[in-house]
Amino acid sequence: MASISQLTQFPCRVLSPAPSHHQKSSILPLNSINFGQRITGKPYNSVHEFNRVRPVFLTRVAEGDEWGTEKQEEVEGGAVAVSEEEPPKEETEIDSLKKALVDSFYGTNRGLSATSEARAEIVELITQLEAKNPTPAPTEALTLLNGKWILAYTSFSGLYPLLSRGTFRLVTVEEISQTFDSESFTVQNSIQFAGPLATTSFSTNAKFEVRSPKRVQIKFEEGIIGTPQVTDSIVLPENVEFLGQKIDLTPFKGFVTSVQDTASSVAKTISSQPPLKFPISNSNAQSWLLTTYLDEDLRISRGDAGSVFVLIKEGSSLLAP
């Protein structure tokens, strides 16, 4: 068993009355000068008596310490475990640029309604991100390219006629996406439409080939028109206002219920049909795609017409409203 003299060989530090601002946190027993002395000043009679008395520890936390805040925990036998809290992760410059870029898309309808000023700001942010691309060879990191990417912005004028349909109330473009599968070397472009009575989609399936560390060649093979998903419910309000008067619609509910039953039957019949597929045999139905920025939740690509596409990975926090 260790004697009192052996115990006093453990290193300890004397608590100074006025620690400096930058001094590290410390913890030590009040009787650190002499383990054989009680706090009351009376000596211990034996080693057994010393072991029965739990040493008293004092914790001092120095604020503003350049190494962060320390935490001390007293453990079995009077030992002290010291742990340092890591400071919160600071937002990087890339994170700030990505958020600024996504914020700049607000009100642009994926680029269709962007003003010249907004376009200039977007181009500047895209250029800055491309200069800090963390994946300089995207085609060598195909697993990072894998998955579904949602189109957030484009300068491709070929999509504008399609996007302009979303300005009408009857039909809206719900989503435009691109899905990569590196195992089968396939890519699918998809557009989802929504109307008052049904939703549908149009997709193209293609194969891609790696042509350089940043560029892939895409050859379209098949087009798919999704089966319309007809809604089987009609919601009728209690009343409507017409020319300043409220019109009670309660008497029409019985008729609507009858129509809804018919609509439900039609919806099930249509929705059970397979999608319409057709081959794309045109030899010119191909293009290339250059990826100039890629990380786990943002991708910037440029097409062969000089257009730019900004896509966000499905499930990314950047898609949150």
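Residues numbered from 1 in each chain as written. Predicted model: local features only at pLDDT ≥ 70, side-chain atom pairs only at ≥ 80, totals over all residues. Heavy atoms only, no water.

The chain carries the name Plastid lipid-associated protein/fibrillin conserved domain-containing protein in an unreviewed UniProt entry, which gives Acer negundo as its organism. For the record of the chain, the UniProt heading Sequence similarities (unreviewed entry) holds the text "Belongs to the PAP/fibrillin family." Per UniProt, the comment on the chain under Subcellular location (unreviewed entry) is "Plastid". (UniProt positions renumbered as here; feature names shortened; annotations may be inferred.)

Visitor: Would you mind going over the pairing of strand 5 (residues 147–154) in detail, with residue names and values included?
Guide: Burial of strand 5 is extensive: 6 of the 8 residues sit out of reach of the surface. Pairing of strand 5 with strand 6 (residues 172–181) involves 4 bridges; the strand directions are antiparallel. Counted as the bridge partner of K148 is T179 from strand 6. Pairing of strand 5 with strand 16 (residues 308–313) involves 5 bridges; the strand directions are antiparallel. What sits directly across from Y153, in strand 16, is V310. (Buried < 20%, exposed > 50% of the residue type's maximum accessible area, 1.4 Å probe, protein only. Helix = DSSP H or I, 4+ residues; strand = E, 2+ residues; numbered from the N terminus. Pairing = 2+ DSSP bridges.)

Visitor: Lay out the packing of helix 3 (residues 93–104) against helix 4 (residues 116–131) in plain terms, naming residues and giving numbers.
Guide: Their axes nearest at 10 Å, the elements helix 3 and helix 4 cross at an angle of 155 degrees. With respect to their mutual orientation, helix 3 and helix 4 come out roughly antiparallel. Both helix 3 and helix 4 take part in a crossing whose hand is left-handed. Residues I94, L97, K98, A100, L101 and S104 of helix 3 pack against E121, I122, L125, I126, Q128 and L129 of helix 4. The residue makeup of the contact of helix 3 with helix 4, split by class, is 8 nonpolar, 2 polar and 2 charged. (Axes fitted to C-alpha atoms, helices over the stretch in contact; angles between N-to-C directions. Parallel < 35°, antiparallel > 145°, perpendicular 65-115°, else oblique. Left-handed = near helix turned anticlockwise from the far one by under 90°. Contact = heavy atoms within 4.5 Å. Nonpolar A, V, L, I, M, F, W, Y, C, P; charged D, E, K, R; others polar.)

Visitor: A description of the confidence of the model for the chain should follow, citing residues and the corresponding values.
Guide: On average, the chain scores 75 in pLDDT, and the residues at 70 or more come to 59%. Of the regions scoring below 50 in pLDDT, residues 1–40 engages in 73 contacts with residues more than four places distant in sequence or in other chains. The low-confidence segment residues 56–76 (pLDDT under 50) makes 68 contacts with residues lying over four places distant or belonging to another chain. (pLDDT = per-residue confidence, 0-100.)

Visitor: Could you give me a rundown of helix 4, with the residues and numbers involved?
Guide: In this model helix 4 runs 23 Å from its N-terminal to its C-terminal C-alpha over 16 residues, within 8% of the 22 Å that 1.5 Å per residue would give. Looking at the buried side of helix 4, the elements it contacts are helix 3, strand 5, strand 14 (286–294), strand 15 (298–303) and strand 16. (Expected span 1.5 Å × (residues − 1).)

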